[in-house]
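What the coordinates show
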Amino acid sequence: MKKTKDDVIRLHEGELNVMELLWSNKALAAKDIAKIIKEYIGWEKNTTYTVIKRLIDKGAIEREDPGFICRAIISKSTIQEIETKALLDKIYNGSLSNFIATYLVNQEFSSSDIAELKKIINRKQG
């Protein structure tokens, strides 16, 4: 099944672990991904290969031969945007202002944090 650019790719935590490796390393052989994931998460090779296959099927990574080299074909920022929207929709009925208000009430901010947030808001208003 060929993905179109309008398809929304949702990734679960296990898939995100593999994607983080690819975003950090640009390209890795599947066997190297399996070794790293085994060391840090404890998955067996078959589990990692199943997740890689799912990511290929979803259109998040591509495989090149020889060597079963995997490359991310969707950016981290795109996934962050998709997952942020899903979170806002699920927990805050799509309301960014409700999310920000809830988040800000429970945070401590330095003056530089506040200045940076003001810059972001001013750019959006401009």
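Look up a bit, the structure's there.
Criteria and thresholds
- Residues numbered from 1 in each chain as written.
- Predicted model: local features only at pLDDT ≥ 70, side-chain atom pairs only at ≥ 80, totals over all residues.
- Heavy atoms only, no water.
- Phe/Tyr/Trp six-rings, centres within 6.5 Å; stacked < 30°, edge-to-face > 60°.
- Helix = DSSP H or I, 4+ residues; strand = E, 2+ residues; numbered from the N terminus.
- Buried < 20%, exposed > 50% of the residue type's maximum accessible area, 1.4 Å probe, protein only.
- Lys NZ or Arg CZ within 6 Å of the ring centre and 35° of its normal.
- Core = buried A, V, L, I, M, F, W, Y, C linked by side-chain atoms within 4.5 Å.
- Contact = heavy atoms within 4.5 Å.
- Axes fitted to C-alpha atoms, helices over the stretch in contact; angles between N-to-C directions.
- Parallel < 35°, antiparallel > 145°, perpendicular 65-115°, else oblique.
- Left-handed = near helix turned anticlockwise from the far one by under 90°.
- Expected span 1.5 Å × (residues − 1).
- Arc of directions from axis to C-beta.
- Salt bridge = Lys/Arg side-chain N within 4 Å of Asp/Glu carboxyl O.

In this section: the packing of aromatic side chains. Per the stated rule, a full pass over the model turns up 3 aromatic pairs. Here F99 and Y103 contribute two aromatic rings whose centre-to-centre distance is 6.0 Å and whose plane-to-plane angle is 20 degrees, an arrangement assigned as stacked. Taken together, the residues span about one helical turn, with F99 and Y103 both in helix 5 (residues 96-105) at a distance of 4 residues. Looking at Y103, the relative accessible area reads 43%, which means it is partly exposed. A network of ring pairs unites the aromatic residues Y92, F99 and Y103 as a single cluster. K45 extends its terminal NZ or CZ atom over the ring of Y49, reaching a point 5.8 Å from the ring centre. The ring of F68 has R63 lying over it, and the distance from NZ or CZ to the ring centre is 3.8 Å.

Further remarks concern the nonpolar core. Of all hydrophobic cores here, the largest spans 22 residues; its most connected members are V18, M19, I33, I52, L55 and C70. For this core, the secondary structure elements donating two or more residues are helix 1 (13-25), helix 2 (30-40), helix 3 (45-58) and helix 4 (76-92). The dominant element in this core, judged by the number of residues it contributes, is helix 1, at 5 residues. With residues near it in sequence (within four places) discarded, I52 still touches V18, A30, I33, I61, F68 and C70.

Looking now at the packing of helix 2 against helix 3. It is at 9 Å that the axes of helix 2 and helix 3 come closest, and there the two elements cross at 125 degrees. In terms of orientation, helix 2 lies oblique with respect to helix 3. Our pair here, helix 2 against helix 3, has a crossing hand that is right-handed. Between helix 2, through A30, K31, I33, A34 and I37, and helix 3, the contact on the second element is made entirely by K45, T48, Y49 and I52.

This brings us to helix 3. In this model, helix 3 (14 residues) spans 20 Å end to end at C-alpha, consistent with the 20 Å of a helix rising 1.5 Å per residue. Residues of helix 3 that are buried: T48, V51, I52 and L55. On an axial view of helix 3, the arc spanned by its buried residues comes to 100 degrees, and they lie on one face. Here the buried face of helix 3 lies against helix 1, helix 2, strand 2 (61-64) and strand 3 (69-72). A positive backbone phi angle near 85 degrees is found at G59, which sits one or two residues after helix 3.

What follows concerns the pattern of salt bridges. Evaluation of the coordinates by the stated rule reveals 8 salt bridges. With a closest N to O distance of 2.9 Å, E83 and R10 form a salt bridge. With a gap of 73 residues between them, E83 in helix 4 and R10 in the segment before helix 1 connect regions that are remote in the sequence. Here R10 falls in the partly exposed class, since its relative accessible area comes to 44%. Among the salt bridges present, the one from K76 reaches E20, with a minimum N-O distance of 3.1 Å. Within this pair, whereas K76 is found in helix 4, its partner E20 is found in helix 1, the two being separated by 56 residues in sequence.

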